[in-house]
Structures are given as C-alpha cells and as structure tokens.
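Results of the structural survey
For reference, the chains in residue letters:
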Amino acid sequence: MITIALPKGRLIEEATELFKRSSLISIDISQETRKLVLEDQLGNLRFLMVKPFDVPTYVEYGIADMGIVGKDVLLEVNKKVYELLDLKIGKCFIALAGPKGMREELLKKPEKIIATKFPNITKEYFENVLGEDVQIIKLNGSVELAPILGLSDMIVDIVESGRTLRENGLEVYEKLYDISARLIINRASLKLKSEIEGIVNCLERMILQ
Amino acid sequence: MSRKFVDYYPLTSRLLEEIRRKTLFLFKKFGYQLIEPSTFEDYEKSKSLNGQNSIKFMDSDGTIIALRNEFTPKVAEIVAKNGGEVYPIKYCYFGRAFQFIQQEAGDLREFYQAGVENFHTSDSYYIDLEVLVLAIESLLQLGVNNFTIDIGEVNFFKGITADYGIDDASAEILCKLVDKKDYIGIENFLIKKGISDKVIDVFRNLTRLYGKKDKINEAYKFAKNEISKSAIERLKEIFNKLSKLGYEKYISIDFGMVKHLNYYTGIIFSGYLPKLGYPVLNGGRYDNLCETFGKRLYAIGFALGVDRILNWMIKSGEAEANFYKAALFYKEGFFEIAIKELLKFEKEVYFYSNPIDVQQALTLSKELKISEFYYIDEEGIKRYNVEVQK
C-alpha cells in the first residue's frame, strides 16, 4: 500500500480531483471532511489529511511515501525529499507587500519590520538577495493585518488573486517566487516501492493533458 | 528537535554491542584492521564534509578544536602520514561522532558509525566491488532484508556539465537540484543562465534515470563524452558482477544521485531500509582527499548509521527485550560455592547477590520472565524450570 499525505486547505480539492481524473481512486476524498485517514481499495492507496506544513515532515520520515504540497512550504521547511513533479495546480506567488502607495518610502526605510508565515523565505530573500538585515515577526495567519495595525511595515505572503490584499488596502511591492503544488516523494520509498513509478507516470500524463 | 542527551539503556546498549560485533567481524574477515582515531580534530584544518556543523571548543592555546563529525578525514590523514608497505591499506572503525545541528530526519547530536576505508595506489573497480559487497553483507548480517543499496557515479554528471560548458559554481547548484530530482528548479535555474531547451531537457531527464539495469542502457543516450561513458561502463560492470554474486535484488541504480562534487570522484551509494524514510548507509569514492594530507592515494569507503539501524531493529521487533535467560540463587551459607558455580557458566545469568530461599527464587524468576533458574544449597546446584506466563 502507498500512503499519500494531502494538505488540508486551499489545495485539497484540486489535488483530489487530480487523483480522480487519473483514475487512481474511487472515493470522494473532499467530501470526507472529518476523517484523518482514508483508504481506497481501487489503487490500494491510503491518504493522510494533514496541515500543509506537516506534509514534508510525514514524507521525510517515510510515514507517508509521497505527498502533495505547495512549493511555498517546501521553500520554507527545506526537507530532504524528492520533488518529482510540478502538478501545475494551486498556482500563486510569494510577494513582498505593504500599504498601497507607500512602496518607495518603505523599501528605503532603514530598519524594516516584516510580518510573515514564512520567516525562512523572508530571511533568505532579505539577507542573501538584498543583503539587508531585517526584523521578522512570525505570524500564523491573517498576515495582512500586521501593516494595517502597525505591527510591521510590510508582509511576505502568498498571493493568489490579490483580492485579500486589495480589500485591506495593500498592494504587491515585489514578486519573490512563483509557486505551484509539487508531488514530493520519500527517498527510501522511491527506491524500494516499485508501485510509485506507476502513480507518478499516471499523474504526469494527467498534468500534460 | 532531537534529544539533548543520547543515552543507551541496557536494551539499546546490547543491540549496539551486537552491531559492533557483527560489523567488525565482517570487516576483519575482509582484512580491514580496526583503528581508534581521536575524538578531537583541528577545526581550522578539518576536511570533513560538513565541518561547520561540528561542536567546537577553544583549546588552551587559543586554537579551535572540534569533536569529529565523521571518521573518514581522520582515517585518511593517518594513512597519508604513516603509509604502509603493501597497498591497499584497509582500515575499519566503530565509534561515536558528533554534530552541532540535527538537520534531517534520523539525525542525532551524537551517533555511532561503523565503517571501512580502503586506500590504494591505482584505480580499480574491484575495490569498488569489494566495498559494495561489504555494504550489502553488513546489512544482511544485521538481519535486514528487502533493503536497497542505491548506486550512482558522479562522473556521469560531471562529464555532462563539462560537455555543455557549465561552470563549477553552477554545477554545484545544479547538482543539488538534480539530487533532489527538482526538475522545475533545474528548468528555472538553466533558463536564467540562458541555456538552450535541448540541454535543459538532458538535465531534466537525469532526474528520471533511476531504477534497475534498463536505466544503464538508457543513460548512454545522454553521454556524449568519454568521462560520462566510462562512468556508465563502470556502473554496468559493477551491476553485472554484483548480480553474478546473487545481489541483484539488493541494488538499484541512480544516475541522478550526485552530491559534493568536489569531494566524491567516482561511485557513490546510499542504503535504504523499508519503513525507515532516511538512508542507513552512505559511501563513495574520494580520490582527492589524501592529497590534501600530502599523499596521492585512491580511496573508497562507507559508514553505517548504527543508530538508524538500531532504531529500525526496535521498530520492526527484531530486538528481544529480555536480557536474562537464566538466574542463579543461593541459600544462606553457600555464597562461596555459588561464586564458584557462577564462574563456570558459559551463558549470561542473573546472579542474585543476596541469599534467598527457593520459594522466593521462583517468585523472582517469574518476575524476571525467565524460563529456568539454578539454586544452590547443601545438595549442590539444581536446575528448576519456570512456567512462563505470556
């Protein structure tokens, strides 16, 4: 049996849709909102429903053989897993954003404060790309609030349509990285379980269509 | 966050000793001599792969010393400085190494490694083979089954990067992306470098060049140069010879396995076990290391992550929890005889230090979950069976 970790949240519907269209599963995962473990007889697959940030952990330890997770999470946690496929779903980007019309002023500000769910990505961008030392405040959600209430000057966050930013009087200053969902695979599983190759090929054909 | 202190209780200590005995027995059988390098190394001169991750101290003279975080550089230094009459020189070791930060799943602050290093004066794939046989056999001897030793050859990748004029710094970045099989990362990186689609396609294909024998023939499609071609030839030869030895089911090939380009110079390999997500064994050829210590020598070796195997043994129920098989009790006044009898025993028994009557001895034996005990009184030594309650 192959165990697959799926991220609860914005990616789950598209991810399960992908498995269904590939004829790998017969059950409707997205309808089963409460269960944490789901089994499907058709492809002899088991699905774990976990928080996006936990997907790479389950896969790194080999508890899950593979997982689906956004590149944003992979950039942030940097785990030793194979990133075999770009699933081309959940497309968005990581951006540096702040209050509308204040871009020039804030980018020149000497001691910047950045609020984010992604402290490592933020640190990497400011230190290695811009060569700047900034204060980072780690938040777990509703990051857009921080500059409005004066907790931070700017934010680093994922942006899909940009609607949340606009509705809160913010705008994108810089686009940092393009993001999409990836299929990640445990190092030992890829080498020891031959069924994985079939699943990867199946999903790959579906993406290329 | 991993444990702050790595203690071994009786069960794990016993397994550790068993692993030590079995691995060293095997290594010595192939002519590897045991050495015990110093725990300390000179931090500034350290040649270890991940040297910045070592635990450091200030020495009394102001220099920085570090706890070793692997054995290979130290062993190489010993050989380069002392040499020998007959090559190959074969050394093995078993001991603890230390690291500052635990970066990956399975990492510990202090960990045991069992390994071999083979130093020789001319390149030979027979030595690659010998070391791979030891890697496979060491896992077999430890009772592991269904594992795979995944083998790559870094020259395959080096030849291709040289072919397309990719500079060393870019090759190092590319190597990390290929090793992660991150083909989007490869694409993005090479597009930025202004490299053509055709070449990008070659590197993208490298991420899928893993599996069994068929991948060796597929690899020829991408090897337009002599370096890559001879890398394939070597892997092919190794694969065939190991198959002839009956090891085919224990090996797999991965041309996309590339790491530390300026350290590894030939084949590299990692061992994976079922139900354990991270490698238990890493090794490879490093023909440039000894030269940094003043002597040009070819070298190959590997190290077993002993704690990872230990972890697997406990997880998979391979470990037997009960240490004692039997116990020895004695009646008041028979201490001297008990000691004399105890010294005659071949097996490990639980010697109950205080005198005790036979009824209590039975009760204690049940608590110890042992199947037999010996009791000494005026009639001499007598063996009793204990009904084990499961």
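Residues numbered from 1 in each chain as written. Chains lettered and ligands numbered in written order. Predicted model: local features only at pLDDT ≥ 70, side-chain atom pairs only at ≥ 80, totals over all residues.

**Some remarks on the overall build of chain A**
As a reminder, the rule being used: A helix here means a DSSP run of H or I that spans at least four residues, while a strand means a run of E at least two residues long, and both kinds are numbered starting from the N terminus. Buried means a residue has 20 or more other C-beta atoms within 10 Å of its own C-beta, exposed means 12 or fewer, and partly exposed covers the counts in between; C-beta atoms are placed from the backbone. The contact criterion used is a C-beta to C-beta distance within 7 Å, with each C-beta placed from the backbone.
Across its full length, chain A carries nine helices and 11 strands. Projected onto the principal axes, the alpha-carbon positions of chain A cover approximately 55 × 30 × 30 Å. Counting all 209 residues of chain A, 41% fall into the buried class. Long-range contacts, defined here as pairs at least 24 residues apart, represent 67% of the contacts in chain A between residues at least 6 apart.

**Focus on the overall build of chain B**
Counting secondary structure elements, chain B contains 12 helices and 16 strands. Principal axes of the C-alpha set define a box for chain B whose edges measure 90 × 55 × 45 Å. Sorting the 390 residues of chain B into buried and exposed places 39% on the buried side. Within chain B, counting contacts between residues at least 6 apart in sequence, those at least 24 apart form 66% of the total.

**Topic: the domain arrangement of chain A**
Residues and elements named next belong to chain A. Keep this limit in mind: Each domain's limits were defined by an automated method or a database of domain assignments. Following the grouping adopted for this structure description, the nonpolar residues are Ala, Val, Leu, Ile, Met, Phe, Trp, Tyr, Cys and Pro, the charged ones are Asp, Glu, Lys and Arg, and the polar ones are all others, Gly among them.
Annotation of chain A at the domain level lists domain 1 (2-90 + 180-208) and domain 2 (92-178). Taking only C-alpha atoms into account, the centre of domain 1 sits 29 Å from that of domain 2. Looking at the side of domain 1 that touches domain 2 residue by residue, the class counts come to one nonpolar, one polar and two charged.

**With respect to the environment of B:Pro37**
Residues and elements named next belong to chain B. Within the secondary structure layout, Pro37 lies in the loop between β1 (33-34) and β2 (40-42). Measuring from C-alpha to C-alpha, the distance between Pro37 and Arg68 comes to 9.3 Å, with 31 residues separating the pair along the chain. With near-sequence residues (within four places) excluded, Pro37 lies in contact with Phe71, Lys74, Val75, Ile78 and Tyr93.

**A word on the domain arrangement of chain B**
All names here are of chain B. Assigned domains of chain B: these are domain 1 (1-143 + 273-321), domain 2 (148-271) and domain 3 (326-385). Relative placement of domain 1 and domain 2: their C-alpha centres are 25 Å apart. Contributing elements (two or more residues each) for the side of domain 1 that touches domain 2: α3 (125-141) and β11 (281-285). If one sorts the elements of the side of domain 1 that touches domain 2 by residue count, α3 sits on top with eight residues. Classifying every residue of the side of domain 1 that touches domain 2 by side-chain character gives 12 nonpolar, four polar and three charged.

**Some remarks on the packing of helix α6 (residues 183-192) of chain B against helix α7 (residues 197-206) of chain B**
All names here are of chain B. Just so we agree on the cut-off: Fitting a line to C-alpha atoms yields each axis, with helices limited to the stretch in contact; the angle taken between N-to-C directions then spans 0 to 180 degrees. An angle below 35 degrees is read as roughly parallel, one above 145 as roughly antiparallel, one from 65 to 115 as roughly perpendicular, and any other as oblique. Helix crossings are classified by the rotation of the near helix relative to the far one: an anticlockwise turn of less than a right angle makes the crossing left-handed, while a clockwise turn makes it right-handed.
Running from amino to carboxyl end, α6 crosses α7 at an angle of 155°, the nearest separation of the two axes being 9 Å. Our classification of the angle between α6 and α7 gives roughly antiparallel. As α6 runs across α7, the sense of the crossing is right-handed. Here α6 contributes Tyr183, Ile186, Glu187 and Leu190 to the contact with α7, which in turn contributes Val199, Ile200, Phe203 and Arg204.

**Comments concerning the sheet that holds strand β4 (residues 64-67) of chain B**
Residues and elements named next belong to chain B. Operational definition: Strand pairing is defined by DSSP finding a minimum of two bridges between the two strands.
Taken in spatial order, the three strands line up as β2-β4-β3 in an open sheet, and their pairing is antiparallel. With partners counted over all chains shown, the strands left at the sheet margins are β2 and β3 (56-58), one partner each. Ignoring which end each strand starts from, the neighbouring axes of this sheet average 35° apart. Alignment of β3 against β4, held across three bridges, turns out to be antiparallel. Across the sheet, Phe57 pairs through a bridge with Ile65, a residue of β4.

**Re the interface of chain B and chain A**
Counting from both sides, the interface comprises 17 residues of chain B and, opposite them, 13 residues of chain A. The residue makeup of the side of chain B that touches chain A, split by class, is eight nonpolar, three polar and six charged.

**What about α6(B)?**
Residues and elements named next belong to chain B. As a reminder of what qualifies: The directions considered for the arc are those from the helix axis to the C-beta atoms.
Those residues of α6 that fall on the buried side of the exposure criterion are Tyr183, Gly185, Ile186 and Leu190. End-on, the buried residues of α6 take up no more than an arc of 150°, which puts them together on one face. With respect to the buried face of α6, the exposed residues turned more than 90 degrees away are Ile191 and Lys192. Looking at the buried residues of α6, the elements they touch are α5 (168-179) and α7. Count one or two residues on from α6 and you reach Gly194, which has phi positive near 70°.

**Section: the nonpolar core**
Under the convention used in this document: Connectivity within a nonpolar core runs through C-beta atoms within 7 Å, and the core itself is a set of buried Ala, Val, Leu, Ile, Met, Phe, Trp, Tyr and Cys residues.
B:Ala135, B:Val178, B:Ala299 and B:Ile309 are the most contacted members of the largest nonpolar core, which has 87 residues in total. If we skip the residues at most four places from it in the chain, B:Ile309 touches B:Ile19, B:Leu142, B:Val280 and B:Leu304. Grouped together as the second largest cluster of nonpolar side chains are 33 residues, A:Ile4, A:Ala15, A:Met66 and A:Tyr82 included.

**Topic: the packing of helix α1 (residues 10-29) of chain B against helix α10 (residues 306-315) of chain B**
All names here are of chain B. Packing of α1 against α10 leaves a shortest axis separation of 10 Å and a crossing angle of 120°. The angle between α1 and α10 places the two elements in the oblique class. Judged by the twist between their axes, the crossing of α1 over α10 is right-handed. Contact residues: α1 offers Thr12, Leu15, Leu16 and Ile19, while α10 offers Val306, Ile309, Leu310 and Met313. The residue inventory of the contact of α1 with α10, partitioned by class, reads seven nonpolar, one polar and no charged.

**Some thoughts on unusual backbone geometry**
Residue and element names in this part refer to chain B. At the junction of Tyr87 and Pro88, the peptide bond is cis and its omega measures out at 0° in the coordinates. Relative to the assigned elements, Pro88 resides in the loop between α2 (72-82) and β5 (89-98). Phi at Asn146 takes a positive value of approximately 60°, unusual for a residue other than glycine. Mapping Asn146 onto the fold places it in the loop between α3 and β7 (148-153).

**Some thoughts on the sheet that holds strand β10 (residues 170-179) of chain A**
Residues and elements named next belong to chain A. In spatial order, the strands read β8-β7-β9-β6-β10; together these five strands make up an open sheet with mixed pairing. The open sheet has two edge strands, β8 (135-138) and β10, and neither has a second partner. The average angle at which neighbouring strand axes cross in this sheet is 25°, direction not considered. The sheet contact formed by strand β6 (residues 92-99) and strand β9 (residues 154-159) spans five bridges and is antiparallel. Along β9, the bridge assignment pairs Leu96 with Val156. Here helix α5 (residues 119-129) sits on the sheet and contacts β6, β7 (113-116), β8, β9 and β10; the angle it forms with β8, its principal contact strand, is near 165°.

**Some points on the environment of B:Arg383**
Residue and element names in this part refer to chain B. In this structure, Arg383 sits in strand β16 (residues 380-385). For Arg383, a count of 9 C-beta atoms within 10 Å translates into the label exposed. For the pair Arg383 and Lys275, spaced 108 residues apart in the sequence, the C-alpha separation amounts to 43 Å. Once residues lying within four places of it in the same chain are set aside, the contact partners of Arg383 are Glu372 and Tyr374.

**Thoughts on the confidence of the model for chain B**
Here is the rule: You can read pLDDT as the predictor saying how much it trusts each residue, on a scale of 0 to 100.
For chain B, the average pLDDT comes to 93, and 98% of its residues sit at 70 or higher. The lowest-confidence element of chain B is α6(B), averaging 89 in pLDDT; the highest-confidence one is strand β12 (residues 298-305) of chain B, averaging 98.

**Re the pairing of strand β2 (residues 37-40) of chain A**
As paired strands, β2(A) and strand β3 (residues 45-50) of chain A are joined by four bridges and run antiparallel to one another. Paired with A:Asp40 across the strands is A:Leu45, a residue of β3(A).

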